[in-house]
Amino acid sequence: LLKYAGGFPGETEEEFEKSKAFIDKVDFYETHIFKYSRRHGTKAASMDGQLTEAAKAQRSDRMLELHEIRAREYEEAMIGKKMELLLEEEIEIDGRPWYVGHSREYVRAVISKTDAHRVNDLVTVKAVAFVRDHILETKEV
């Protein structure tokens with residue numbers, strides 16, 4: 001997980017592009033993107049080179065777009081693979097009951113709700129498709 005605060009005072013377009021290229025090269029699965037927010041009383045609040053909200057939003061949007069691409073690629077690479085899924089809660093998607101949880105790789109996934117399992121079970125599954133964005137459907141193996 002990488003955290004990136006875009007639009008810190010004085011951040012140039014070149015510095016932003018270097019940060020973006022680094023994130024692209026390292027190929028993080030998850031990147032926490034947020035805009036720098038000026039806080040009264042901090043040293044940064046009085047620094048020269050404060051970026052406009054529009055500039056911060058534009059940079060944030062570009063980083064979020066890269067994050068979405070990288071996350072989707074990583075999740076797609078999990079399809080067809082076996083993984084352990086920790087069942088964390090029961091949910092309903094389009095009227096269908098599921099257990100949802102996370103794998104050791106921190107991928108969010110679901111398995112059909114049955115009486116064979118319950119919350120906090122660790123189940124070996126195979127990812128088969130996407131049930132929603134960033135949620136893989138799995139089958140027990």
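Calculation rules
- Residues numbered from 1 in each chain as written.
- Predicted model: local features only at pLDDT ≥ 70, side-chain atom pairs only at ≥ 80, totals over all residues.
- Heavy atoms only, no water.
- Pairing = 2+ DSSP bridges.
- Helix = DSSP H or I, 4+ residues; strand = E, 2+ residues; numbered from the N terminus.
- Axes fitted to C-alpha atoms, helices over the stretch in contact; angles between N-to-C directions.
- Contact = heavy atoms within 4.5 Å.
- Salt bridge = Lys/Arg side-chain N within 4 Å of Asp/Glu carboxyl O.
- Buried < 20%, exposed > 50% of the residue type's maximum accessible area, 1.4 Å probe, protein only.

A. Representation of the sheet that holds strand 5 (residues 108-112) within the structure. The mixed closed barrel is built from five strands, whose spatial order is 3-4-5-7-6. Ignoring strand direction, the axes of neighbouring strands in this sheet form an average angle of 45 degrees. As defined by bridge partners, strand 3 (residues 82-93) adjoins strand 4 (residues 96-103) across eight bridges and the pair is classed as antiparallel. The partner of Leu-87 across the bridge, within strand 4, is Gly-101. Each of strand 3, strand 6 (122-132) and strand 7 (135-140) touches helix 2 (residues 53-78); the most contacted strand, strand 6, lies at about 125 degrees to it.

B. Examining the pattern of salt bridges more closely. Enumeration over the complete set of coordinates arrives at 15 salt bridges. Note that Glu-13 is salt-bridged to Arg-62, the shortest N-O span being 3.0 Å. Here Glu-13, found in helix 1 (residues 13-26), pairs with Arg-62, found in helix 2; they are 49 residues apart in sequence, far enough to count as distant. Residue class for Glu-13 comes out partly exposed when judged on its relative accessible area of 36%. Residue Arg-70 pairs with Asp-24 through a salt bridge whose shortest N-O separation is 2.1 Å. Linking Arg-70 in helix 2 with Asp-24 in helix 1, this pair joins segments that are 46 residues apart in sequence.

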